[in-house]
Amino acid sequence: MAERDILLYTTLGCSLCEKAKSEIWPLLEKYQLRLVSVDIADDETLTRLFGWSIPVVGLGQVDDVICWPFTVDELDQWLVARLA
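Residues numbered from 1 in each chain as written. Predicted model: local features only at pLDDT ≥ 70, side-chain atom pairs only at ≥ 80, totals over all residues. Heavy atoms only, no water.

### Quick notes on the overall build of the protein
Turning to step 1, where the next piece is worked out: From N to C terminus, the protein includes 3 helices and 4 strands.
Turning to step 2, where the next piece is worked out: Counting helices and strands in the order they occur from the N terminus, the protein gives β-α-β-α-β-β-α.
Turning to step 3, where the next piece is worked out: The C-alpha radius of gyration computed for the protein amounts to 12 Å, which stays within 12% of the reference 12 Å derived for 84 residues, consistent with globular compactness.
Turning to step 4, where the next piece is worked out: Dimensions of the protein, computed from the C-alpha atoms along their principal axes, are close to 35 × 20 × 15 Å.
Turning to step 5, where the next piece is worked out: Each of the 84 residues in the protein was classed as buried or not, and the buried ones make up 36%.
Turning to step 6, where the next piece is worked out: In the protein, the share of contacts with a sequence separation of at least 24, taken over all contacts with a separation of at least 6, comes to 63%.
Turning to step 7, where the next piece is worked out: Accessible surface computed for the protein: about 5,200 Å², of which carbon and sulfur atoms make up 52%. (Helix = DSSP H or I, 4+ residues; strand = E, 2+ residues; numbered from the N terminus. Rg over C-alpha atoms; globule rule 2.2 N^0.38 Å. Buried < 20%, exposed > 50% of the residue type's maximum accessible area, 1.4 Å probe, protein only. Contact = heavy atoms within 4.5 Å. Areas by Shrake-Rupley, 256 points an atom, 1.4 Å probe, with all protein chains shown as cover.)

Here it is in structure tokens:
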């Protein structure tokens, strides 16, 4: 299976984003994912969409994401529904 990106929508100084990473890390190998941080400050649309809800995790479609707070189990279920 080819590696694909899991996107962490974040911004500079987001302390909750560090907590979210600890929930994401255990699933990277399981799903052959590569964690990519996307700074929402660099994109007006992303800032409008996620400015009040980061950290947000997605697979590339901004209308299909999981917002913080989430546990590793909740993220796992979200990924199973999209990658299985």
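### Things to note about the pattern of salt bridges
Turning to step 1, where the next piece is worked out: The final tally for this structure, using the stated rule, is 4 salt bridges.
Turning to step 2, where the next piece is worked out: Here Asp 64 and Arg 82 are joined by a salt bridge, their closest N and O atoms 2.9 Å apart. Residue Asp 64 is found in the loop between strand E3 (56–58) and strand E4 (65–67), and its partner Arg 82 is found in helix H3 (residues 72–83); the two are separated by 18 residues along the sequence.
Turning to step 3, where the next piece is worked out: On the basis of relative accessibility, which here comes to 23%, the residue Asp 64 falls in the partly exposed class. (Salt bridge = Lys/Arg side-chain N within 4 Å of Asp/Glu carboxyl O.)

### Remarks on the environment of Leu 79
Turning to step 1, where the next piece is worked out: Along the polypeptide, Leu 79 turns up in helix H3.
Turning to step 2, where the next piece is worked out: Leu 79 gets classed as buried once you look at its relative accessible area, which sits at 0%.
Turning to step 3, where the next piece is worked out: For the pair Leu 79 and Ile 24, spaced 55 residues apart in the sequence, the C-alpha separation amounts to 11 Å.
Turning to step 4, where the next piece is worked out: Other than its neighbours up to four places away in sequence, Leu 79 contacts Ile 6, Leu 27, Tyr 31, Leu 33, Leu 59 and Ala 84.

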